[in-house]
Amino acid sequence: TRDQQIAVCTAFRLGDPVSCKSLGGTRNRNHLLTTTHGEFVARDRYAGYCDSARIAFDHEALEFLGLVAPVAKPYRTIGRQYVFEHDGHVWEVFPFIHGQQFREGERDQVWSLGKALSRFHQRGREFSGPREARKLGPRGETNPAELSNLIAQLRIEAPREVKQYEVWVKEAAGELPDS
């Protein structure tokens, strides 16, 4: 809402809101927030990810991964916090990075994403952040069961590409430890 845009802009010193467009998201709701100071991603965190331990885990993981790869680091509020609570929502703000939207049904993009995520998760194995804040269990959103559910949803849109994706998920499930 316009009230939320103004509140987020004020809390993070982003200038005045000009426009706001949904960017989607699987759990978190992400928005392209354009202000008088630039373009930002305003993330309305999924309710299940709002406890302080989970937020601390996420931000520690970003810091860790930022040591070895480019990571969009979150902005801080006027009060030096990474999140801002307003009207039952927990907000974070990140720089907006221009690029091309991932297209699920395109084999080359699925392949590139898989390779990048593999490297990202291999590096993430070394992260020793707080274990009590895991998302969806030890494997998080990379849990093969979660990925299989996603594949079932996508099978209608891109059956050829999804078939290969399913093979990769099954192979990865066999190689990943349970903890």
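The following paragraphs examine the structure supplied in this document.

Procedures and definitions
- Residues numbered from 1 in each chain as written.
- Predicted model: local features only at pLDDT ≥ 70, side-chain atom pairs only at ≥ 80, totals over all residues.
- Heavy atoms only, no water.
- Phe/Tyr/Trp six-rings, centres within 6.5 Å; stacked < 30°, edge-to-face > 60°.
- Buried < 20%, exposed > 50% of the residue type's maximum accessible area, 1.4 Å probe, protein only.
- Patch = residues over 30% accessible without salt bridge, like charges linked within 9 Å, V, L, I, M, F, W, Y side chains within 5 Å.
- Areas by Shrake-Rupley, 256 points an atom, 1.4 Å probe, with all protein chains shown as cover.
- Salt bridge = Lys/Arg side-chain N within 4 Å of Asp/Glu carboxyl O.
- Helix = DSSP H or I, 4+ residues; strand = E, 2+ residues; numbered from the N terminus.
- Pairing = 2+ DSSP bridges.
- Axes fitted to C-alpha atoms, helices over the stretch in contact; angles between N-to-C directions.

**Observations concerning the packing of aromatic side chains**
Line of reasoning, step 1. Enumeration over the complete set of coordinates arrives at two aromatic pairs.
Line of reasoning, step 2. Taking 5.0 Å as the distance between ring centres and 75° as the angle between the ring planes, the aromatic pair formed by Tyr 46 and Tyr 49 counts as edge-to-face.
Line of reasoning, step 3. Tyr 49 gets classed as buried once you look at its relative accessible area, which sits at 3%.

**What about a nonpolar patch on the surface?**
Line of reasoning, step 1. A cluster of nonpolar side chains, contributed by Leu 113, Leu 117 and Phe 120, occupies part of the molecular surface with about 230 Å² of accessible area.
Line of reasoning, step 2. Locating Leu 117 in the fold gives a position in helix α3 (residues 107-124).
Line of reasoning, step 3. Judged by relative accessible area, Leu 117 falls into the partly exposed class, the value being 38%.

**Details of the sheet that holds strand β4 (residues 84-86)**
Line of reasoning, step 1. Taken in spatial order, the five strands make up an open sheet running β1-β2-β3-β5-β4, and their pairing is antiparallel. Each of the sheet's edge strands pairs with one partner strand only, and the pair in question is β1 (17-24) and β4. On average, each strand axis in the sheet is tilted by 30° relative to the strand beside it, whichever way the strands run.
Line of reasoning, step 2. Here strand β2 (residues 29-35) pairs with strand β3 (residues 38-44) via seven bridges, running antiparallel. In the strand pairing of β3, Thr 34 is matched with Glu 39.

**Concerning the environment of Ala 61**
Line of reasoning, step 1. Secondary-structure assignment places Ala 61 in helix α2 (residues 52-66).
Line of reasoning, step 2. A C-alpha to C-alpha distance of 6.9 Å links Ala 61 and Phe 127, two positions 66 residues apart in sequence.

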